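# Examination of the molecular architecture
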Amino acid sequence: MKTSAERLAVLGCAGLVAVTVAGCGSVTDAVKGDGGSKSVTMGTAQLTSVLDPAGAYDSGSWLILRNAFQSLLVFPAASSSPVPDAAQSCEFTGGDSTQYHCTLRPGLKFSNGHPLTAADVVFSIERTKKINDKNGPSGLLSSIKSVEAKGDNEVVFQLTAPDATLPAKLASPVGAIVDHQVYPADALLPNGKLIGSGPYKVDSVEALGGGGKSIGKVALSANDKYSGDVKLRNDKFTVRYYDQAADLKTALDKGDVDLTDDSLDPNAAAQIRSDQQGGKTDLQVVEGESNNTRSLVFNTKDAVVGNVAVRQAAATLLDRKALARDVFARTVQPLYSMVPAGVTGHNTVFFDKYGDQDVSKAKKLLTDAKVQLPVKITLTWSRSRAGAAEADTVKKQLETGGLFQVTVQQESDWDKYKAGFADGKYQAYILGWFADYPDADNYISPLVVDGGVYHDGWDDPRISQKLVPDGLKMTDRGAAAGNYNQIQSIVADNAPLVPLFQDKAFYAARSYITGVESTVDTTGVFRFGEIGRSR
């Protein structure tokens with residue numbers, strides 16, 4: 001998933017199926033030029049430029065890595081509990097969650113035929129930490145003090161502090177195992193030379209047109225050296241990258257791709273769904289919960305929104321249902337928790353405290369705090385699938401009853417936007433979060449400890465010094481839910497950020513494509529091997 005801040009909004013590194021099938025399409029709908037009858041081409045607007053696991057940290061790259069590389073563990077479908085992958089078994093040893101031991105499957109090989117051993121696991125972890133790419137995922141490995149191979153098949157991790165989320169981290173592409181005979185220890189490997197041990201191998205990588213660094217196409221095929229549990233329903237899988245969501249929709253309409261991921265424009269996605277229900281298209285749709293969340297964030301160091309009553313009043317005036325219905329065409333769902341639905345730790349604490357839009361309640365909060373009305377604030381945004389409509393609607397909701405006067409401004413340059421909220425230049429701003437792994441901690445700790453990656457300036461020692469560290473000691477992640485519920489209650493009381501909505505995963509595919517429903521779930525893992533075609 002980039003540095004944590006770069007994942008915001010567009011993935012945005014910082015927790016989710018119903019299927020209807022339309023009539024069959026014609027043979028001319030088949031994708032041209034990417035292989036035979038068992039070849040599938042998927043389109044995405046989630047651009048990426050780096051595929052080396054030590055530098056890749058965005059959803060466009062992790063899409064490939066999850067299918068071309070093995071990690072010690074993996075997330076099975078619809079589960080937030082990782083299970084062994086390249087490992088045969090893994091467990092915490094001792095009682096304090098500071099030592100983790102894994103035994104590898106026997107006979108593992110990379111796609112080039114080289115054996116995969118414990119030495120490769122150690123090399124992969126140490127390499128990512130050593131390279132420490134500024135846009136890479138090395139921060140996820142910060143709790144690892146050392147990693148050691150015990151013979152060819154055993155690996156032992158020593159941690160600096162208890163970290164019960166380590167298995168989930170290792171199940172993400174930051175834990176991808178690379179060949180120490182191929183990858184340099186201190187530099188990234190060029191995209192066209194990737195070697196992994198996953199169910200697919202990378203055959204070629206092409207740049208996006210226009211002379212930039214973005215990848216335009218990645219072609220993969222079945223890895224005959226793969227040793228694991230995945231059974232492929234295709235033998236070739238191609239991912240094509242498009243600069244804009246509109247370009248992705250055009251490619252789908254033209255038959256240049258067999259299916260898309262959920263980076264379609266929400267209105268376009270809704271139209272496909274409507275056309276399908278009316279029998280006007282040969283496309284099928286799969287809809288499910290996504291683990292992407294989006295929030296309204298406040299700079300708590302600001303003279304105006306630093307007043308907790310102002311933030312609470314704003315939370316009381318938000319109408320998430322209208323935002324989901326009128327702006328995002330029901331391709332998102334209202335969210336009243338920092339943790340999305342489908343991930344352990346999800347609750348409704350923001351609804352419990354603030355309920356539906358209530359002007360009189362908001363006015364009382366402001367008048368009791370002797371806040372001068374209307375409250376004048378500036379709302380800044382950068383990117384949104386719905387364009388300006390998202391921020392404009394939030395503005396109108398906050399201005400309901402005349403309690404707020406909101407000026408909306410856009411910073412279209414994403415790097416300048418990141419720098420702006422990091423430097424405390426904005427009062428209120430909208431950001432999205434795509435978690436690295438489906439654990440409640442990854443939706444909470446990165447966002448609220450010492451201002452978090454949203455840089456809202458807020459911290460509560462009850463959270464940062466007690467509840468988060470205690471939660472990371474609990475290897476039973478279900479038991480840790482109580483800690484994360486307490487954290488969310490404190491956050492709701494103070495409202496440094498207010499959850500707005502959770503994306504729905506919406507995939508569109510030609511009528512001959514099968515298996516999409518098997519891979520749309522809250523893990524955020526899209527499994528290429530599940531996708532087949534009936535002709």
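Quick summary incoming for the structure in this document. Please read these numbers as outputs of a predicted model, since none were measured by experiment.

The final tally for this structure, using the stated rule, is 16 aromatic pairs. Aromatic side chains Tyr-417 and Tyr-426 sit 5.5 Å apart centroid to centroid with 25° between the ring planes, which places their arrangement in the stacked category. For Tyr-417, a relative accessible area of 0% translates into the label buried. Owing to a relative accessible area of 9%, Tyr-426 belongs among the buried residues under this scheme. Here a set of aromatic residues connected by ring pairs shows up, and it is made of Tyr-200, Phe-237, Tyr-507, Phe-526 and Phe-528.

To continue, consider the pattern of salt bridges. Summed over all chains, the structure comprises 26 salt bridges. Put simply, Lys-353 and Asp-493 hold a salt bridge, and the shortest N to O gap is 3.5 Å. Placement of the pair is Lys-353 in helix H9 (residues 349-354) and Asp-493 in helix H15 (residues 481-494), with a sequence separation of 140 residues. On the basis of relative accessibility, which here comes to 30%, the residue Lys-353 falls in the partly exposed class. For Asp-493, a relative accessible area of 36% corresponds to the partly exposed category. One salt bridge in this structure joins Asp-460 and Arg-462, with 2.8 Å as the shortest N-O distance. Take Asp-460: its relative accessible area is 9%, and that puts it in the buried class. Beyond isolated ion pairs, a larger network of salt bridges with shared partners links Arg-273, Glu-287 and Lys-504.

Glancing now at the packing of helix H8 (residues 320-327) against helix H11 (residues 388-398). Interhelical geometry of H8 versus H11 gives an angle of 145° and a closest axis separation of 11 Å. The crossing of H8 and H11 is right-handed. Here H8 contributes Ala-322, Leu-323 and Val-327 to the contact with H11, which in turn contributes Ala-389, Glu-390, Thr-393 and Gln-397. Its residues assigned to classes, the contact of H8 with H11 shows four nonpolar, two polar and one charged.

Next up on the list: the packing of helix H14 (residues 461-471) against H15. The interhelical angle for the contact between H14 and H15, taken along N-to-C directions, is 160°, at an axis separation of 9 Å. In terms of orientation, H14 lies roughly antiparallel with respect to H15. H14 and H15 meet at a crossing whose hand is left-handed. Only Asn-483, Tyr-484, Gln-486, Ile-487, Ile-490 and Val-491 of H15 make contact with H14, whose side of the interface consists of Arg-462, Ile-463, Leu-467, Val-468, Asp-470 and Gly-471. Considering only residue class, the contact of H14 with H15 consists of seven nonpolar, three polar and two charged.

Relative to strand E16 (residues 404-410), strand E15 (residues 375-381) runs parallel, the two being bridged by seven bridges. Bridge assignment links Thr-380 to a residue of E16, and that residue is Gln-409. Read from E15 through H11 to E16, the crossover connection turns out right-handed.

Thresholds, definitions, all that
Residue numbers run consecutively from 1 along every chain, following the written order of its sequence. Side-chain atom pairs in this predicted model are given and counted only at pLDDT of 80 or more, local residue features only at pLDDT of at least 70, and totals for whole chains, interfaces and linings cover all residues. For the side-chain quantities, the full set of heavy atoms in the structure was used; hydrogens and water were omitted. Any pair of Phe, Tyr and Trp rings, taking the six-membered ring for Trp, is counted once the centres come within 6.5 Å. Such a pair is stacked with planes under 30 degrees apart, edge-to-face with planes over 60 apart, and tilted for the rest. Residue exposure (1.4 Å probe, protein chains only): buried if accessible area is under 20% of the type maximum, exposed if over 50%, otherwise partly exposed. Definition used for salt bridges: Asp or Glu carboxyl oxygen within 4 Å of a side-chain nitrogen of Lys or Arg. Helix and strand assignments come from DSSP, with helices taken as H or I runs of at least 4 residues and strands as E runs of at least 2, each series counted from the N terminus. As a rule, the C-alpha atoms of each element are fitted with a line to give its axis, helices using only the stretch in contact, and angles between N-to-C directions run from 0 to 180 degrees. In this scheme, a crossing is called left-handed if the near helix is turned counterclockwise away from the far one by less than a right angle; it is called right-handed if the turn is clockwise. Any two residues whose heavy atoms approach within 4.5 Å at even a single point are treated as in contact. Three residue categories are used. Nonpolar comprises Ala, Val, Leu, Ile, Met, Phe, Trp, Tyr, Cys and Pro, charged comprises Asp, Glu, Lys and Arg, and polar comprises the others, including Gly. Just so you know how the angles are binned, under 35 degrees is roughly parallel, over 145 roughly antiparallel, 65 to 115 roughly perpendicular, and the rest oblique. Here a strand pair is declared whenever DSSP counts at least two bridges between the two strands. Classification remark: right-handed applies to a crossover when, strands pointing away from the viewer, the course from the first strand over the helix to the second runs clockwise.

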